[in-house]
2 protein chains.
Amino acid sequence: MNLLLLESSEIGTDQVATVEGPRARHLRLVLRATIGRPVRIGIVDGPTGTGTVLTLDDERATLQCVFEAAPPAIPAVDLLLALPRPKVLQRLWAQIAALGVGRILLTNAERVERNYFDTHVLDPVVYRPLLIEGLQQARDTRVPVVSIHRQFRILVEDELDGLCPQSTRLMADPEPYATEVTAAPPRPPGAAAPATADVSARTLLAVGPEGGWNDFERRLLEVRGFRRVSLGARALRSDTACIALLTLASAGVWTGRPDCPS
Amino acid sequence: MNLLLLESSEIGTDQVATVEGPRARHLRLVLRATIGRPVRIGIVDGPTGTGTVLTLDDERATLQCVFEAAPPAIPAVDLLLALPRPKVLQRLWAQIAALGVGRILLTNAERVERNYFDTHVLDPVVYRPLLIEGLQQARDTRVPVVSIHRQFRILVEDELDGLCPQSTRLMADPEPYATEVTAAPPRPPGAAAPATADVSARTLLAVGPEGGWNDFERRLLEVRGFRRVSLGARALRSDTACIALLTLASAGVWTGRPDCPS
C-alpha cells in the first residue's frame, strides 16, 4: 500500500481522519507509521495529500490531513472486456485498477460462458475492495466506473457512444490465427505522429474472451470504429494478455499519444 | 495449451511421438483431439510442427510428427530480475516464458531478502514445468535459460558482458519517487528511429526488487551502460510491473525496434 485511501465519510470537518480495524493495524505494522510522521493519503475519487499521524494504537489511528487542490486526472484508457472466468477476473480487478482505467465495461460475448455472470466476483462488495487495493498500490484515487452488459450488441450499437464518447477505439483479439489480422499501416520512418494525437484524447480498448471474438462480434466492433491491434504471434493467458494490452494502450503505442513511457 | 511441447526423447526415429499420463488425458479431454486430427506441436528448443493423432486413450497417445525446418527465433529480450518473493516468482515463471525472453538472470540485491534464495521455486524441478506451460500457451519452443546470481556486483561487473553481449541495456526501477528519473530524451516528432535500430539486436532489461535498487546498485548498472526507463508515476505490484515492463521492452518502445506491435 503506497497510499492510504480514505472515504470522505472517514474525514471530519477538522480534517482529521479516523481509520479503524485492519487498516489501523496495517498502518502500524506494515507501514510502520509512528506519531508525528506523515503518510501519503487520498480521498476516494478526490485529491491525494498527506496525513500526519496524531494517535495510533492496535485498533484505531487518527491523521491530520492536508490535501492537494485538485484530484488526479482520470486515466485515459477505458476497458471493454469480455467477461473472463471468475478466477481470472478476481485476479485482474486490482491489477486493472493499478494500471489505471477510467471505466471497465464487462460484456457478454458468444465465447463467454453464461454462468460467469452469476459469480460473486461481479458483486461490488467483492470487487470494490480489490479496486481500492490496486489504487492504493498505484497511488491513485480514481475508482474505475464498472458496468456489466449482458447484451453485447445493445452495448456496442446503442450504449457505447454515450458511455465512451470520442475515444480512439481499439480491438484486441487473442486469436490472430483465426482470421487475418488487418493492422493499421505502420507509420513510415520519419513521419510525424498523427495530427490527431492529443494528450486529452481517450482510448477505448476492447479485449475479447479466451477463445476470441466471433466473426459477428468482430465485424460489429469494426463497423463501430474499432481498429484491430494485436500482441503479435504469442498467445497469452487472458490475464497476462489483459495486462500487456492495457500497458501498451496506456503507453500510447497504438495511438501515437505523446506520453509513451521514457 | 496452444501447442504440445515434446521432449526430443519422446520422439522415435519414425517421427512418431508417444505422450503418456496427464498430457495424454489433456489431449483427449481438453484439446478434444481425435484420431486423424492434427495437433500443433513443438520440440523443446527445436522446431514447431504438426502431429497427426494415430492412437489415443486415457493413458497414452501417439502422434505422427512433421516439423518445420528451423526452430523459432530466440525472443529478443533478456531479463535481469532481482529475485522476487517466492509466491510472486511462482506466479511469474509461466507468464515470463509466455511473454518470451531468451534468458532469465535472477540476482541478489540489497532489498532482496536472503531467505528468498532458499525457496523450492528456484529448483528446476519446480520451475521448468512452469516455463514449459508458458511456452505451450504462447506457441513457442525456446525455454528461457535460467541462472541464479547471489552476488549482484560480480554478476554486473564480471559476468554480464559474457552472458548478454551487445545488448541494449535498460534499467527499470519501481521507485520513481526515490531519486530523480533521468530518462533518455524523447525522439523529436518527425525524427527517424535511431540508426542503431536493428531487428537482430537484443535488449537486456533489469527489473529491481519491490523496494527498488539502492543507490549503489543503480550507479553500478548505469556505469555498465543501463539506461533508466520507467512505467510512469503509477507504482505497480512487482508481478504486474514485470509483465508491463517486459511487454514494453518486447514491443521495442524504448529501443526504437521496428517490431512495435500494430
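Calculation rules
The numbering scheme is per chain: residues are counted from 1 as the chain's sequence reads. As a convention, the first chain written is A and the first ligand written is 1, with the rest following in written order. The predicted nature of this model means local features are confined to residues of pLDDT at least 70 and side-chain atom pairs, given and counted, to a pLDDT of 80 or more, with totals for whole chains, interfaces and linings taken over all residues. Hydrogens and waters are ignored; side-chain quantities use all the structure's heavy atoms. Numbered from the N terminus, helices here are DSSP runs of H or I no shorter than four residues, and strands are runs of E no shorter than two. Contacts between residues were defined by any pair of non-hydrogen atoms, one from each residue, lying within 4.5 Å. Note that accessible areas follow from Shrake-Rupley with a 1.4 Å probe, and for residues the cover is restricted to the protein chains shown. Note on ring pairs: Phe, Tyr and Trp rings are taken, using the six-membered ring of Trp, and paired if centres are within 6.5 Å. Classes follow the plane angle, with under 30 degrees stacked, over 60 edge-to-face and the rest tilted. Buried, partly exposed and exposed residues are distinguished by accessible area as a fraction of the type maximum, computed with a 1.4 Å probe on protein chains only: under 20%, between the cut-offs, and over 50%, respectively. One bridge is not enough; two strands pair if DSSP finds at least two bridges between them. Known as pLDDT, the predictor's confidence for each residue is given on a scale from 0 to 100. Throughout, an axis means a line fitted to C-alpha atoms (over the contacting stretch in the case of helices), and angles, computed between N-to-C directions, take values from 0 to 180 degrees. Geometric relationships in this document are graded by angle, where less than 35 degrees denotes roughly parallel, more than 145 denotes roughly antiparallel, 65 to 115 denotes roughly perpendicular, and other angles denote oblique. The sense of a crossing depends on the near helix, which, turned anticlockwise from the far helix by less than a right angle, makes the crossing left-handed and, turned clockwise, makes it right-handed. Nonpolar residues are Ala, Val, Leu, Ile, Met, Phe, Trp, Tyr, Cys and Pro. Charged residues are Asp, Glu, Lys and Arg, and all others, Gly as well, are polar.

Draft legend 1. Molecular detail of the overall build of chain A. What chain A contains, in helices and strands, is six helices and eleven strands. Here the contacts in chain A between residues at least 6 apart in sequence split such that 74% fall between residues at least 24 apart. Of the roughly 11,900 Å² that chain A leaves accessible, carbon and sulfur atoms contribute 53%.

Draft legend 2. Spotlight on the packing of aromatic side chains. Residues and elements named next belong to chain A. A complete count under the given rule lists four aromatic pairs over all chains for this structure. Judged by centre distance (5.4 Å) and plane angle (40°), the rings of Phe152 and Trp213 are tilted. In this pair, Phe152 sits in helix 4 (residues 152–163) while Trp213 sits in the loop between strand 10 (202–207) and helix 5 (215–223), placing the two residues 61 residues apart along the sequence. Since its relative accessible area comes to 7%, Phe152 is described here as buried.

Draft legend 3. Summary view of the environment of Phe117(B). If you trace the backbone, Phe117(B) turns up in the loop between strand 7 (103–107) and helix 3 (124–138). Put simply, Phe117(B) and Asp14(B) are 103 residues apart on the chain and 44 Å apart in space, counted from C-alpha to C-alpha.

Draft legend 4. Highlighting the pairing of strand 3 (residues 38–43) of chain A. Residue and element names in this part refer to chain A. The pairing of strand 1 (residues 4–6) with strand 3 spans three bridges and is parallel. Following the sheet pairing, Leu4 is matched in strand 3 by Ile41. Bridge count between strand 3 and strand 4 (residues 48–56): five bridges; the pairing is antiparallel. Counterpart to Gly42 in the pairing with strand 4 is Thr48. The hairpin formed by strand 3 and strand 4 contains four residues between the paired strands, and Asp45 there has a positive phi angle of roughly 60°.

Draft legend 5. Structural context of the confidence of the model for chain A. Per-residue confidence for chain A averages 88 on the pLDDT scale, and 87% of its residues sit at or above 70. Considering only residues more than four positions removed or in separate chains, one finds that residues 176–200 of chain A, a stretch of pLDDT under 50, has 31 contacts.

Draft legend 6. Structural context of the packing of helix 2 (residues 86–99) of chain A against helix 3 (residues 124–138) of chain A. Residues and elements named next belong to chain A. It is at 7 Å that the axes of helix 2 and helix 3 come closest, and there the two elements cross at 40°. In terms of axis orientation, helix 2 runs oblique to helix 3. You can see that helix 2 and helix 3 cross each other, and the crossing is right-handed. Where helix 2 approaches helix 3, its residues Gln90, Trp93, Ala94, Ala97 and Ala98 are matched on the opposing element by Tyr127, Leu130, Leu131, Glu133, Gly134, Leu135 and Ala138. Counted by class, the contact of helix 2 with helix 3 contains nine nonpolar, two polar and one charged residues.

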